[in-house]
Every structure is written in C-alpha cells, then in structure tokens.
Amino acid sequence: MAEAIVSFAVERLGDLLIQQASFLHGVSDKVTEIQAELRTMKCFLRDADARQYESEVIRNWVAEIREAAYDTEDIIETYASKAALSRRSGLQNNLKRYACFLSEFKALHEVGTEIDAIKSRISRLTASLQSYNIRSIAEGEGSGFRTESQRLPRRTYSHVVDEDTVGVEDGVEILLEQLMKPDKICSVVSICGMGGLGKTTLAKKVYHHAHVRRHFDHVAWSSISQYFNIRDVVQGILIQLTSANEEHKKKIRNMRDEELFESVYKIQEEKKCLLILDDMWKIGDWENLKPAFPLHKAGSKILLTTRIQAVASYADPQGFLYQPELLSEEKSWELLRTKAFPRDDKRDPTTINQMELLGKEMAKCCGGLPLAIVVLGGLLATKHHTYEWERVHKHTKSYLRKGKDKYEQQGSGVSDVLALSYQDVPYQLKSCFLYLGHFPEDHEIHTKTLVQMWVAEGIVSRVGEETSEDVAEGYLDELIGRCMVQVGRRSSNGRVKTCRLHDLMRDLCLSKAQEENFLEIVNLQQMETFSSSMPTTRTSNKVRRRAIYLDQCGPLESVEEARLPSKNEDEDANSYVNLNPQNGTHLRSLLIFSMRDSSVIPWVLRKTDWKNFKLLRVLSLEELILEENIPKALGNLIHLKYLSLKFASLPSFPSSIRNLGCIQTLDLRFYCVDGQPINCFGINKVIGRMKWLRHLYLPLELKVDNSKVQWDNLSNLETLKNFDGEQWDVQDLAQLTKLRKLLIKNIKSFKEFVMILNPSCPISNNLESLVLDEVRATMEETDLRQLSICQHLYKVYLGGAISNLPEHHHLPPNLTKLTLWESRLRQDPMPILEKLLNLTTLYLCSNFYSGEEMVFSANGFPQLKYLQLFAVYALKRLWVDESAMPSLKHLSIDACLSLEMVPEGLRYITTLQILEIGSMPNEFMQRLQVINGIEGEDFYKVRHVPSISFMNYWDG
C-alpha cells in the first residue's frame, strides 16, 4: 500500500511541476530531486510492503515512508496555494506589489527548507534498509517473501468434509451435469466467487459424490493457494491418480520435471480423470500447470475454484463458469442453526426460543456469506447460556472478524480469509479499494461518481491513449473480477452503472483503511468515529480523507455536543466530534452523506472553517441544506478537482467557484432555497476559465446573463449535462473536441444540433451518449439520418415529435439504448427498430406512438433485453410473433390504459425473467393473476415468468 502512495506522490509531483509551473519557480529543481528519491524508494517498498507483518519495526518504517510521501505533496501544494492566493489578491499599487514579492520570497525560502528536511527523512530511512534486510525489487517482480504461517492456513484437504451444509444442493447438481457431459474435448469447469462463499465446500461435495466416483476412473485433489510449489502439486496429482504405494511414491519423487508432467498428461489421455484445483489465484499459475493437462482430449475434466474471474476465463474461454449466490436470510438462519445447536440439545424450550431470536438477528449480520455463518455458528456452539449469546449478539461483527471468543487466540476470522484478496491485489488497486470505504453501509455507489473521485484524488492517471476515466473503469472491473466489489446495475452497453461492497468486505476495507491511515469515518448517526470495535493502529494524526454521516441526528446546538465514545475511556475521557482539527489542513477528500433533512446539518457546516482545507481535491455536499458561508468559502479550495452540489439546496449561485482553476468535475445540479430558477449571472465567465474541466453538470433550471462563454477554452470537456438551448448557442458545442456525453434541452429544432454533425467535426467522432430533451419543432427524418455519422454513439434519447423514423441503416450503427418520448409517430416503428442488431434497451414513453397496433416480428430485436412501454395511451393491441425478442429478460407495461391484454406471444419468450405491470386497469391485471387459486384467463401467457409484479393505481 505504501508503494501505491509513493507512486501516486511521484506522479502528483510531476503533475504539479506542469500545472503549477508559474508558482513553483525557484523550487522546481528541489521538487525534481525529491521526486527521484521517492521513485528509487518505490523499488524497496515492494519488498517492505509484503513483509509488514514480519515485525513492527518494518511496519513503522513503511508508515514513515508513506507519511513522507504525503508530506511532500502537502508542502508543495501549500506553497503553490500561497503563491496563487498572493497573486490573486491583486497588485493595485507599488506597495502591495512589493509586499507580494516579499511574501513569495519568504515562502520560497520556507518551502526549500521543508523540502530539504523531507529529503533528510528519506535519506535516513534509506540508510536503515540494510539493517532490516529490505531489498530492491524491480517492476513486475514479486517479493517472494512469505512466512510459513501465511501459507499453511490456506491449504485445503479433500478428506475434511462438512456434512452440515445448506444451500449447495442446486450448485452440486449444476456442476455434476457439466462435469459428466460427453464433450469431445477436456473442458474446465470453474467455481468463482468472493472469499468465504463456499467454493471449496461445493468442490468437496462434488469430489466425494457417488456419481462422480462411478463416472470417472480416477480423481485427484490439489490445493493451489496463493503460494505453491509447482513440482509438489504435480507430484501430488500423480500419486493420487495412480494410487501409488510407498515404493511408487519414492519413484515419483525422483522423477525429472518433464517425466512428471508427461506421466500426469498420459493418464488423463488414457483414462477419464477429474482433477480439482482448489483456490487458484494467478493466470501464471495456470500457465505453469497447463502442460500436465491434455486439453484437446475427451473424457477428463478439470474443476477449478478461484476468486478471480480472469483466471477462470483464461483457463478455458469456452468453459463453464458457476458463481454461487449469497444465502437468503432463511437459508442463513438454517445453516447457523445447524452449527450453533447440537443435535442432542437438552436446553429448555424457553432458552432455545430466546437464543433463536438472537440467532436470526445475528445471521442477518453475515450478509449471506457461508463462511461468516459457519464461524459464528461454531462460536455460538460453545455458548450454553442466553447471556453469552447476548454478548455475542451485541458485538457480532467484532466476533466475526476475530473468529473466536475475544479472550481466545485470534486468526480464524472472516477478515483473515477476505484479507487474502486484499493482499493479492496489485498496488495500483489497493487505494481504489480503500476509497470505497467512504461510502455508507449498503450504499449503492454510482460508478461515474467513484471514477471521477479516483481521478481527482490522483489515485488513477491516464495510460497511453486511454483517458484517466477509462483506466479507472478498468480498475473497477478488475476489483469486480476479483470478487471484492459487487455489481449493482449495468448500463445498456454492459458497463457497470452502480456497485457496492458486501458488509463484511466493507468491514475489511475500513479496517485496512485505518491501518494505512487512509481514511477516517465520523458517524454522527451513532456518535462515533469508525466503530468502537475497530482495531486502532493509526501512525499519524494527519487525516487525509474523511467521510461524515449525518443521518438521524438530533438537534445539536453545536458540533462539539456530539460526544464520541473514547477508544480508551481512562486515557481519553473528553473526546468529541471536531470537524476542524489542525490536521484538517491535510484533507484530500471530504464526503458528507445525508439521506434526509437533519437539523444538525447547518450546525456541522457552519462550524467548519473551510479556509483550513486548501489541499482538498474531492468535496461532496450532495443533498445538504447549505447556508451562505458555504458558497463563499468554496473559492478558497483552489486545488479542488471534484465538487458535487447535486440536489443540495443553496441560497445563491456560488460565484466563488471561479477560483477553482484545477477543477475537473463540477456538479451544479443544486436547487435554490425558494424553489425558483437559479440566477446564475456570472456563470458564463466562470465556466470559460476552467481549462481542466472534464465533467460539467449544470443546474436543472437557471438564468444567465448576456455574456459569452469561452467554450473553446474547455478543450478537455468530456461530459456536458443540462446545456440549455435557450441560454446558449448550440453551434458553440462544435468547439468541444473531446465531448463524449451530451444532454441538451430546450432547443428550437433538431436542425440546430444537426449543424454541428459532420464527418470533420470531432464531436461526431467522439460522441457516445446523446440526450435531446424538449425539442420544440418536429424532428424530420432527413435530419435524424445525420445521427448515423456518430459511429460511437450507443445511447440516444429523443424527446419531442418525430415525423418519421429513418431506416435502421440511417441510425447509429452501435446503438444499444434508445428512448423515444412524446414522439407521436403515426406509423408502427417496430419494422425499423427491430432491425437494430445491437439494441439491448428500448424505452417507448408518453405517447411516442399514436396508432392502435404494434407488431413484434419473428427474429426481430435479437439482442433486446429490456423493453418498457409507458403511457402509450392510444395503443390497444400488441402482437408478438414466435421467435421475436429471443433475448428479452425484463418487460414493463405501465399506464398503457387502452391496451386490451398482454400479447399471446409472450409465452414463447422463454428468456423473460421479470414482468412489471403498473398503473393499469384492474381488469387487465386480474387476467394475469392467480386469485384464490383461480388463474386469470391470460395467466397461461406468463406462467413461465419467475417474477411478476403489479402496481395498481386505478379503480377500474
């Protein structure tokens, strides 16, 4: 982790030398020197990071390097801030000019002295490398150091079988079917999922299954784990496949590597063999073992378990991948009960009932993770009295982390298993993972927001031709592929739209964040910082990132009234929430979360001295009630790169943001306190000054003055939302050469937009998402044809009347999502739309069509997965031919009041998983329901759909 921080510090110093060149004149040589020192230190940190658990001395050494890297950034940025503010104050007369130069000279001397002190610190730390036996490791080389205690706990043994398992039955059947298929080639079947999900348990059930023993001639089990010896693994497989006696074992151990691999290979060629490779972590490990597997022959199979999807996909791109699901609450309690209560339990029924009530609540804390439930059940099995269960119930997560009673030896906890994933993550991803700890428990994290924060913080930077955001999305995909982050929703083109952390993975995240002094959580919901049960190993008082949770707070007269429980009540009896400590001057990120109005919010923000936060890069004030002091204070945050005021309430437009010269993401989708359109006089000049701006979200309703926006200064802008055609000239958008996502509203006609679409215009080549809302004049077919120029356009929203749709070959070729709103089409558009081969999502809304019939033809819409019909009032009949929409998973019919019935053809769509019927007449709904055991007359059409939901807002 320290390597990550030092790497980012090196890159950050390089950025500062470029972006703040005018302010760093005189110290640039010193900055370059310390940058070189830190770059050299990176090589040693690869070894030191891996050996932190060897001794406290090395942990402290790593912590000091981490703080030195942080402090270097602080010093340089603080100096640049002072210089910028000094010059901004204005040089109105000679006296002020002289005072300004004198102040800069003094600051220059001070920063030079501080940089020299940092260099001395790093030199001292470098000198101690030899005494700690820390060596330099080149890029891409592993440290190779792992203690025996780190290796042994991860070994799994096939003979250790847990008979009391719950929730694996379906998985076993699925795997048996795949393994015993008479394929022509040897295939790989993979079980992939997060740590503790029961992959090994499932594999053992398959390994010992009677059908497997009858089907295969030989079976072998090998535990791979993160660190293994290739020769030992192949020897072990050969010994098992041959049922070797002692003499044969001795012969196998004396074989050369080539003989070993060849022998294992031939046995699988001649016999049907099942090899189970448990807990594989790296593609390179598979490559090393692959010569022992006859992948082109029939009969033999390989069952592989892994936490990393890339490993499973690489082992066999055509292989079968099974991903076990988390247990339901019902299954969780069933499993916990089997572990916690002995079969011959003799406790009285009243005691058992009390324990069961506690147990059901504790089972929920496990989040459906089988390992957590088993660990908790094993602990509860040793507790025979209700008061003992109450004690565990009170501190469930603490016990889960430790794995045993807090008075016993630790080491078997859920965190130990999950932490293996964190340890295996490349250093570039560690900070990305820890940053997720900012977000509250069960919070749905929007990928765009997360990616923009990563980039603003400097955690992610561009690589080659890729943008920083593209690299960040790749990092998130890798964390998902390692089963450390869960996918929430995906967009129409497959990108992850939202994500979340499993509760226990979040606990690990917070624990590691605190160990690394990465993040502080101030939870005013529970009046605490982190959790009182979290381990405390902070090495510095300088807080660099802070998240504040404000929900459900009572009315406090001041922030200081929010009492925190002390981590050591005897030594620290007077700890209070204080949002303005001296170390607030080191903050990089500040995220404040509130899900509802709270009377404490104004007090918290009023008591915050924003002038202290000059090094802040990320600030999120979403959904907060903001007072006048906030807009005024924002101008002091000159290093700010990410600012979100989304859905916040402001008394006025924050004109002070004109000073945010480094801003990259600016979300101004706030509301005025009185609910009126926001008077944004001055915004035109403000926007034009932000040359580093990449993502701009304008207010939903605003008034601007007559000044011109210098759009040509925004050469880095990639996202522009809520561009108002009544306030600005649409043709100016042609100057935004990197624009990818655009939302325009209130344009007089589509022709205004078409004028900037031509093959030579960069916007045509880069545009990926286009929303045109409230187009005043009817959109003509000839104009809509121009959209086909945009080769990368995958998402289109057209809000307004359309005369006729152009033929499918005149629409964007890569279109995956299309929304038509108030289109008022007269002809059935399905014959055109169904030929869009890449279309996965289709929203047809609010009188998009004025006809009475629509026909979905056979073989039409081959990729469509989501279809919504909303408020299509004239529509009476839908026809769905057999083989139409063969990939449809989700169908929503809402407020289509004239529709007589669901189409007969729905019964042919076997892929349909979800059917939503909303705001429809009662008669329509009753035809699809089973009431008192009696099926409605249309129920047969949808009987095969697993999930059918009804929302009725009509009386008939």
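Quantities reported herein were computed from a predicted structural model and do not represent experimental measurements.

With that out of the way, let us pick up the overall build of the protein chain. Across its full length, the protein chain carries 33 helices and 34 strands. Residue burial in the protein chain is summarised as follows: out of 956 residues, 53% are buried. Residue pairs in contact within the protein chain that sit at least 24 positions apart in sequence constitute 67% of those at least 6 positions apart. Summed over its atoms, the accessible surface of the protein chain is roughly 42000 Å², and 49% of this surface lies on carbon and sulfur atoms.

Counting residues in each nonpolar core, the largest one holds 122 residues, and the members touching the most others are Leu-720 and Phe-753. Aside from chain neighbours lying at most four places away, what touches Phe-753 is Val-730, Leu-742, Ile-744, Leu-767, Leu-770, Leu-772 and Leu-787. Counting residues in hydrophobic clusters, the runner-up holds 76 residues, among them Trp-333, Met-362, Tyr-435 and Val-485.

Let us now look at the sheet that holds strand 4 (residues 301-306). On the basis of which strands lie adjacent, the open sheet formed by five strands has the order 2-3-4-1-5 and parallel pairing. With one partner strand each, in any of the chains shown, strand 2 (218-223) and strand 5 (320-322) form the two edges of the open sheet. Within this sheet the neighbouring strands show an average axis-to-axis angle of 15 degrees, counted without direction. Taken together, the five bridges between strand 1 (residues 188-192) and strand 4 define a ladder with parallel strand orientation. Of the residues in strand 4, the one forming a bridge with Ile-191 is Thr-305. Those strands touched by helix 10 (residues 230-242) are strand 2 and strand 3 (273-280), and its axis lies near 155 degrees from that of strand 2.

All right, on to the pairing of strand 31 (residues 914-918) then. Taken together, the five bridges between strand 30 (residues 890-894) and strand 31 define a ladder with parallel strand orientation. Residue pairing across strands places Leu-891 opposite Leu-915, the latter belonging to strand 31. Sheet topology places strand 31 next to strand 34 (residues 947-951); five bridges connect them, and they run parallel. Bridged to Glu-916 within strand 34 is Ser-949.

Over its 17 residues, helix 16 (residues 349-365) extends 25 Å from the first C-alpha to the last, a length consistent with the 24 Å expected when each residue adds 1.5 Å. Among all positions in helix 16, only Thr-351, Ile-352, Met-355, Glu-356, Leu-358, Gly-359, Met-362 and Ala-363 are buried. The N-cap of helix 16, judged by a side-chain oxygen 3.1 Å from the amide nitrogen of Thr-350 a few residues on, is Asp-348. Looking one or two residues past helix 16, Gly-367 carries a phi angle of roughly 60 degrees, positive in sign.

Before going further, it helps to examine the pairing of strand 25 (residues 817-821). For strand 25, a buried count of four out of five residues is recorded, marking the element as mostly surrounded by other parts of the structure. The sheet contact formed by strand 24 (residues 795-799) and strand 25 spans five bridges and is parallel. From the neighbouring strand, Leu-798 faces strand 25, where its bridge partner is Leu-820. Bridge analysis of strand 25 against strand 26 (residues 841-845) gives five bridges, and the strand direction is parallel. By the bridge assignment, Leu-820 is partnered in strand 26 with Leu-844.

Moving on to the packing of helix 15 (residues 329-340) against helix 17 (residues 370-380). A pair of packed helices is characterised by two quantities: the angle between their axes and the separation of those axes. Interhelical geometry of helix 15 versus helix 17 gives an angle of 35 degrees and a closest axis separation of 7 Å. Our pair here, helix 15 against helix 17, has a crossing hand that is right-handed. Two secondary-structure elements touch here, helix 15 through Ser-332, Leu-335, Leu-336, Lys-339 and Ala-340 and helix 17 through Pro-370, Ile-373, Val-374, Leu-376, Gly-377, Gly-378 and Leu-380. For the contact of helix 15 with helix 17, a count of residues per class yields eight nonpolar, three polar and one charged.

Once that is clear, we can look at the pattern of salt bridges. Applying the stated rule across the entire model yields 44 salt bridges. Notably, a salt bridge pairs Arg-544 with Asp-74, separated by 3.0 Å at the nearest N-O pair. Remark: Asp-74 occurs in helix 3 (residues 56-88) and Arg-544 occurs in the loop between strand 10 (528-529) and strand 11 (545-549); sequence separation between them is 470 residues.

Attention now goes to a nonpolar patch on the surface. On the surface, Phe-647, Tyr-671 and Leu-700 cluster together into a nonpolar patch covering about 260 Å² of accessible area. Within the fold, Leu-700 resides in the loop between strand 19 (695-697) and strand 20 (702-703).

Running from N to C, helix 15 and helix 16 point in directions that differ by 125 degrees, and their axes come no closer than 9 Å. By the criterion of interaxial angle, the relationship of helix 15 to helix 16 is oblique. Once helix 15 is placed against helix 16, the crossing between them reads as right-handed. Counted together, Glu-329, Ser-332, Trp-333, Leu-336 and Arg-337 of helix 15 and Ile-352, Glu-356, Gly-359, Lys-360, Ala-363 and Lys-364 of helix 16 form the full contact between these two elements. Residues that form the contact of helix 15 with helix 16 fall into these classes: four nonpolar, two polar and five charged.

Now for the packing of aromatic side chains. In this structure the tally under the stated criterion is 15 aromatic pairs. Consider the rings of Trp-711 and Phe-723, whose centres lie 5.6 Å apart with planes at 50 degrees: the pair is tilted. One end of the pair, Trp-711, is in the loop between strand 20 and strand 21 (719-724); the other, Phe-723, is in strand 21, and 12 residues separate them in sequence. In this structure, Trp-711 and Phe-723 share a single accessibility class: buried. Ring geometry for Phe-723 versus Trp-728: centroids 5.5 Å apart, planes at 40 degrees, classification tilted. A relative accessible area of 7% means that Trp-728 is categorised as buried. Ring pairs connect the aromatic residues Phe-439, Tyr-549 and Phe-593, which therefore count as one cluster. Positioned above the aromatic ring of Phe-341, the side-chain terminus of Arg-337 is 5.1 Å from the ring centre.

Before going further, it helps to spend a moment on helix 18 (residues 386-394). Within the sequence span of helix 18, burial applies to Thr-386, Glu-388, Trp-389 and Val-392. Looking straight down helix 18, one finds that the buried residues subtend no more than 160 degrees of arc, so they occupy a single side. For helix 18, the exposed residues lying more than 90 degrees away from the buried face are Tyr-387 and Lys-394.

We now examine the sheet that holds strand 7 (residues 486-487). Taken in spatial order, the three strands line up as 6-8-7 in an open sheet, and their pairing is antiparallel. The open sheet terminates on both sides in strands that have one partner only, identified here as strand 6 (445-446) and strand 7. Here strand 7 pairs with strand 8 (residues 498-500) via two bridges, running antiparallel. Across the sheet, Gln-486 pairs through a bridge with Arg-500, a residue of strand 8.

Looking at where Cys-192 falls in the secondary structure, it is placed in strand 1. Residue Cys-192 is classed as buried on the basis of its relative accessible area of 1%. C-alpha separation for the pair Cys-192 and Asp-279, spaced 87 residues apart in sequence, amounts to 9.4 Å. Among residues more than four places away in sequence, those in contact with Cys-192 are Lys-199, Thr-306, Arg-307, Ile-308, Gln-309, Leu-321, Tyr-322, Gln-323, Pro-324 and Cys-483.

This part takes up the confidence of the model for the protein chain. On average, residues of the protein chain carry a pLDDT of 82, and 81% of them reach 70 or more. Low confidence marks residues 405-411, where pLDDT is under 50. Its contacts with residues over four positions away, or in another chain, come to 10 contacts. Low pLDDT, under 50, characterises residues 527-539; the predicted model gives this stretch 40 contacts beyond four residues in sequence or across chains.

The subject of this paragraph is the environment of His-209. Tracing the chain through its elements places His-209 in the loop between helix 8 (199-207) and helix 9 (210-215). When the C-alpha atoms of His-209 and Leu-176 are compared, they prove to be 8.8 Å apart, with 33 residues separating the residues in sequence. Setting aside anything within four residues of it in sequence, one finds His-209 in contact with Val-172 and Leu-176. Polar side-chain contacts of His-209 include one of 3.1 Å to the backbone nitrogen of His-211.

Following the criterion strictly, the structure yields zero disulfides and no others. Distance from the sulfur of Cys-790, which forms no disulfide, to the nearest cysteine sulfur (Cys-761) is 8.9 Å.

Despite not being glycine, Asp-279 has its phi angle at roughly 70 degrees, a positive value. For Asp-279, the position within the fold is in strand 3. According to the relative accessible area criterion, Asp-279 is buried, its value standing at 5%. Of note, the phi angle at Ala-895 is positive, near 60 degrees, even though the residue is not glycine. You can call Ala-895 buried: its relative accessible area is 8%.

About the criteria used
Residues numbered from 1 in each chain as written. Predicted model: local features only at pLDDT ≥ 70, side-chain atom pairs only at ≥ 80, totals over all residues. Heavy atoms only, no water. Helix = DSSP H or I, 4+ residues; strand = E, 2+ residues; numbered from the N terminus. Buried < 20%, exposed > 50% of the residue type's maximum accessible area, 1.4 Å probe, protein only. Contact = heavy atoms within 4.5 Å. Areas by Shrake-Rupley, 256 points an atom, 1.4 Å probe, with all protein chains shown as cover. Core = buried A, V, L, I, M, F, W, Y, C linked by side-chain atoms within 4.5 Å. Pairing = 2+ DSSP bridges. Axes fitted to C-alpha atoms, helices over the stretch in contact; angles between N-to-C directions. Expected span 1.5 Å × (residues − 1). Polar contact = N/O pair within 3.5 Å; in protein donor to acceptor, adjacent residues only side chain to side chain. Left-handed = near helix turned anticlockwise from the far one by under 90°. Nonpolar A, V, L, I, M, F, W, Y, C, P; charged D, E, K, R; others polar. Salt bridge = Lys/Arg side-chain N within 4 Å of Asp/Glu carboxyl O. Patch = residues over 30% accessible without salt bridge, like charges linked within 9 Å, V, L, I, M, F, W, Y side chains within 5 Å. Parallel < 35°, antiparallel > 145°, perpendicular 65-115°, else oblique. Phe/Tyr/Trp six-rings, centres within 6.5 Å; stacked < 30°, edge-to-face > 60°. Lys NZ or Arg CZ within 6 Å of the ring centre and 35° of its normal. Arc of directions from axis to C-beta. pLDDT = per-residue confidence, 0-100. Disulfide = S-S within 2.5 Å.

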